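The lines below spell out each chain.
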Amino acid sequence: MSNAVIAGPIAPSPRAAGAARRRVGPLLPDSRTILAASGCVMFGFIAAHLGGNLVAFAGSAAFNDYARSLRELGAPVAGEGMLLNLVRVVVGGALIAHLGAHARILLGGETDSRA
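Residues numbered from 1 in each chain as written. Predicted model: local features only at pLDDT ≥ 70, side-chain atom pairs only at ≥ 80, totals over all residues. Heavy atoms only, no water.

Let's talk about the overall build of the protein
1) Next: From N to C terminus, the protein includes five helices and zero strands.
2) Next: Relative to its full complement of 115 residues, the protein shows a buried share of 12%.
3) Next: Within the protein, contacts between residues separated by at least 24 positions form 64% of all contacts whose residues are at least 6 apart in sequence.
4) Next: Surface accessibility of the protein: about 8900 Å² in total, with carbon and sulfur atoms responsible for 70%. (Helix = DSSP H or I, 4+ residues; strand = E, 2+ residues; numbered from the N terminus. Buried < 20%, exposed > 50% of the residue type's maximum accessible area, 1.4 Å probe, protein only. Contact = heavy atoms within 4.5 Å. Areas by Shrake-Rupley, 256 points an atom, 1.4 Å probe, with all protein chains shown as cover.)

Written as structure tokens, this is what we have:
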């Protein structure tokens, strides 16, 4: 009598199948990368905003000059207030991307490929 084990074909693990299904294209980052990048953008905005608000302790004239300089930033090239609006759009987009990536992770749209 032989001690050989007879086994059928080896099926791919669910984790490998999920990892292959998760990537749509080579240029699309996963949700954790989007979460990290958008969090860094929002953190940078909060740090700059905090620094700008600290100018209020220098007096109202200094704060008004700071606010005016923000509105006039890039005025000769892009027009008055255009760069400020661009920052608003970028931060808003980062917020939407952050919430979307977080929801995708929570709802199980991605599996953890590190484990």
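Concerning the packing of helix 2 (residues 31-54) against helix 5 (residues 82-106)
1) Next: Close contact between helix 2 and helix 5 brings their axes to 8 Å; oriented N to C, the two are set at 145°. Remark: the crossing between helix 2 and helix 5 carries left-handed chirality. Two secondary-structure elements touch here, helix 2 through S31, R32, I34, L35, S38, G39, V41, M42 and F45 and helix 5 through V87, V90, V91, A94, L95, A97, H98, A101, H102, R104 and I105.
2) Next: Across the contact of helix 2 with helix 5, the residue classes break down as 13 nonpolar, five polar and two charged. (Axes fitted to C-alpha atoms, helices over the stretch in contact; angles between N-to-C directions. Left-handed = near helix turned anticlockwise from the far one by under 90°. Nonpolar A, V, L, I, M, F, W, Y, C, P; charged D, E, K, R; others polar.)

Observations concerning the packing of aromatic side chains
Pairs of aromatic rings are described using the distance from one ring centre to the other and the angle between the two planes.
1) Next: A full pass over the atoms with the stated rule returns one aromatic pair.
2) Next: Considering the side-chain rings of F63 and Y66, the 6.3 Å spacing of their centres and the 40° angle between planes classify their relative orientation as tilted. Placement of both F63 and Y66 in helix 3 (residues 60-71) is noted, with a separation of three residues, approximately one turn of the helix. (Phe/Tyr/Trp six-rings, centres within 6.5 Å; stacked < 30°, edge-to-face > 60°.)

Things to note about the environment of V41
1) Next: Summarising the element assignment, V41 is placed in helix 2.
2) Next: With relative accessibility at 36%, the residue V41 sits in the partly exposed group.
3) Next: Once the C-alpha coordinates of V41 and V91 are considered, the two residues, 50 residues apart in sequence, prove to be 7.0 Å apart.
4) Next: Apart from the residues within four sequence positions on either side, V41 is in contact with V90 and A94.

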